[in-house]
Amino acid sequence: MQISGAWRLTGRVFFPFAAGYYLSYLFRTINALIASRLSSDIGLGMADLGLLTSVYFLVLAAVQIPVGILLDRFGPRRVQSALLLLAAMGAGLFAVSTGFRSFLIARAMIGLGVAAALTAGLKSIVLWFPRERSALLNGYMVMLGSLGAVTATAPAEHLLTLMGWRQLFEILAAATGATAMLIYVVVPERAVVPSTPSMSANLSAVFSDKRFWRIAPLSAACVGSAWSLQGLWASPWLMDVEGLDRASLVGQLFIMSIVLSGGAWLFGTIVHYIKRRGLGAETILAVVAILFITAELTLVLRVPLPSILPWSVLAIVGTATVVSFAVIADYYPPELAGRANGALNVLHFGWAFLAQYATGLVLEQWSINDGHRTLQAYQVAFGLNVALQIAALAWFALPWRRSFVSWMRSIPFFMPAIVSNAVDSAGLYENSVILLPADDDAEW
């Protein structure tokens, strides 16, 4: 790809889709900033606030597979531009809503409208750019998109001092509509090559793959929880547990969003160079999960560290989709990219919905003392999520454990005392081979 051609593609394909993902991230995280205003203006409790915010993820999860099919069939240009128009209408409805039901419908419309924001960008990268640069470009896409989380902190707070949150959503509605038109007008069409009969582009090829079900629970448990926390529950924790005032809260959310954006670039760069050396991205995902669980336990157990440290780790994990999608890209051909990414996103968004809504339900069980909920309420709510993540990590590591046990049994030092001749040793070695994962799990 020549340099001039690469820059032309970047301007006409990459940046328009990055703008769409930027808006989706802004919508995803803006409620953390306006949560107190929403609660006071329309009288929301913790459970209602959790449902209102998390319905965004519920809709995203419900439509990911249909969206993936549409992307593979019609291409990202037409799908993304049409859906963003719906998001613009949802933002406009949110700005004028007065009752909880209308707010819920508006938030659901926004979720549906940005349902293809990431997967359309990833699909465009697969269609227009060299395969060997996909992980790096995925990282850049998520990095630029996550700037929406940056905008949803200090910059949005500054706008809120000049106008109300309703006027802010009117601006977001106009910006979303303009982005939809930009994508439709600027992005060129590219024919999607139909799949061959030997590699039918259907969901059974994804859902029947054991490798998918090794990575998906861990990726969903970590990424979905990170979205849930940064998108809403970081703000109440910092006020109720850490005792931050409004200015300090906005400052810490701003730092977290900056770290989030940098994390996407970091993950993309690491995966890019590791894959160039012939290594898989699965190990990176395992390390990310361990760091995420450690950071959550640091908060739950009140380890005496500045809270910005564990919260920054939690923010970074929200961009670990770069790692997960890099693994998926190795598993499936380009004609299955949209559906495979959509299938994984179903679990990402589904977990985010469950974690965000369930956290609100748990917190609602504790009464408010002096305007704040107790530390114990948050410890129980966050701790339940951590337990599920540990279980997902254990499932992810199971093939490695089996391989390690098999390797240990093949070493003479660890053989039973009765095994002393070559024939028995060979038999034990054959047994150890039987315990190895199947071919489709070999990378694990």
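Residues numbered from 1 in each chain as written. Predicted model: local features only at pLDDT ≥ 70, side-chain atom pairs only at ≥ 80, totals over all residues. Heavy atoms only, no water.

Describing the overall build of the protein chain
When helices and strands are tallied, the protein chain shows 17 helices and 0 strands. Per-residue burial for the protein chain yields a buried fraction of 52% across its 444 residues. For the protein chain, restricting intrachain contacts to residue pairs at least 6 apart in sequence, the fraction spanning at least 24 positions comes to 83%. When the accessible surface of the protein chain is summed, it comes to about 18500 Å², and 67% of that surface belongs to carbon and sulfur atoms. (Helix = DSSP H or I, 4+ residues; strand = E, 2+ residues; numbered from the N terminus. Buried < 20%, exposed > 50% of the residue type's maximum accessible area, 1.4 Å probe, protein only. Contact = heavy atoms within 4.5 Å. Areas by Shrake-Rupley, 256 points an atom, 1.4 Å probe, with all protein chains shown as cover.)

With respect to the confidence of the model for the protein chain
Confidence in the prediction for the protein chain averages 83 pLDDT; 84% of positions are at 70 or higher. Scored below 50 in pLDDT, residues 417-444 makes 33 contacts in the model with residues more than four places away or belonging to other chains. (pLDDT = per-residue confidence, 0-100.)

Quick word on the packing of helix α10 (residues 210-240) against helix α12 (residues 282-300)
Contact geometry of α10 with α12 gives a least axis separation of 11 Å together with a crossing angle of 35 degrees. Note on packing geometry: the crossing formed by α10 with α12 is left-handed. When α10 is examined against α12, the residues I215, L218, A221, C222, S225, A226, L229 and W237 are found in contact with a partner set consisting of L285, A289, F292, E296 and L299. A breakdown of the residues in the contact of α10 with α12 according to their chemical character gives 11 nonpolar, 1 polar and 1 charged. (Axes fitted to C-alpha atoms, helices over the stretch in contact; angles between N-to-C directions. Left-handed = near helix turned anticlockwise from the far one by under 90°. Nonpolar A, V, L, I, M, F, W, Y, C, P; charged D, E, K, R; others polar.)

What to know about the side chain of T179
Along the polypeptide, T179 turns up in helix α8 (residues 165-186). Here the side chain of T179 touches A175 through a polar contact of 2.9 Å, landing on its backbone oxygen. Beyond its immediate stretch of four places on either side in the chain, T179 contacts P16, A19, G20, L23 and L84. (Polar contact = N/O pair within 3.5 Å; in protein donor to acceptor, adjacent residues only side chain to side chain.)

Topic: the pattern of salt bridges
Going through the model one piece at a time under the given rule, you end up with 4 salt bridges. Residue R211 pairs with D209 through a salt bridge whose shortest N-O separation is 2.7 Å. Neither residue differs from the other here; R211 and D209 are each classed as buried. Here R373 ties to E364 by a salt bridge, and the two come within 3.4 Å at their closest N and O atoms. Residue class for R373 comes out buried when judged on its relative accessible area of 11%. Overall, the relative accessible area of 34% leaves E364 in the partly exposed class. (Salt bridge = Lys/Arg side-chain N within 4 Å of Asp/Glu carboxyl O.)

A look at the environment of T119
Within the fold, T119 resides in helix α5 (residues 117-128). Judged by relative accessible area, which is 3%, T119 ranks as buried. Ignoring sequence-local partners within four residues, the contact set of T119 consists of Q64, V67, L71, N341, G342 and N345.

Brief notes about the side chain of S235
Among the structural elements, S235 can be located in helix α10. On the accessibility criterion, S235 (2% relative accessible area) is buried. Setting aside residues up to four positions removed in sequence, S235 forms contacts with A32 and L249.

With respect to the environment of I69
Turning to its location among the elements, I69 is positioned in helix α2 (residues 46-74). Judged by its relative accessible area of 31%, I69 falls in the partly exposed class. Considering only alpha carbons, one finds I69 and L336, 267 residues apart in sequence, at a separation of 9.1 Å.

Description of the nonpolar core
Judged by nonpolar contacts, the single largest core of 127 residues is most densely connected at F169, W311 and F382. The element that contributes the greatest number of residues to this core is α10, accounting for 15 residues. (Core = buried A, V, L, I, M, F, W, Y, C linked by side-chain atoms within 4.5 Å.)

Remarks on the packing of helix α11 (residues 246-276) against helix α14 (residues 321-331)
Packing of α11 against α14 brings their axes to within 9 Å, and their N-to-C directions diverge by 30 degrees. Considering their axes alone, α11 and α14 lie roughly parallel with respect to each other. Listed contacts from α14 to A264, F267, G268, V271 and K275 of α11 are V322, V323, A326 and D330. In the contact of α11 with α14, the residues fall into 6 nonpolar, 1 polar and 2 charged. (Parallel < 35°, antiparallel > 145°, perpendicular 65-115°, else oblique.)

A word on the packing of aromatic side chains
This structure, assessed with the given rule, holds 20 aromatic pairs. For the ring pair F57 and W227, a centre distance of 6.2 Å and an interplane angle of 5 degrees mean the geometry is stacked. Separated by 170 residues along the polypeptide, F57 in helix α2 and W227 in helix α10 bring together distant segments of the chain. Across the pair, W227 and F57 agree in class, each one buried. (Phe/Tyr/Trp six-rings, centres within 6.5 Å; stacked < 30°, edge-to-face > 60°.)

Thoughts on unusual backbone geometry
Residue R302 is not a glycine yet carries a positive backbone phi of 55 degrees. Among the secondary structure elements, R302 is positioned in the loop between α12 and α13 (308-317).

What to know about the environment of R190
On the secondary structure map, R190 appears in the loop between α8 and α9 (204-207). In this structure, the C-alpha to C-alpha distance between R190 and L127, residues 63 residues apart in sequence, is 7.4 Å. Once residues within four sequence positions are removed from consideration, R190 is found in contact with L127 and W128.

What about a nonpolar patch on the surface?
Taken together, the side chains of L297, L301, V303, L305 and L309 make up a nonpolar region of the molecular surface, amounting to roughly 440 Å² of accessible area. Along the polypeptide, L297 turns up in helix α12. Given a relative accessible area of 34%, L297 falls into the partly exposed group. (Patch = residues over 30% accessible without salt bridge, like charges linked within 9 Å, V, L, I, M, F, W, Y side chains within 5 Å.)

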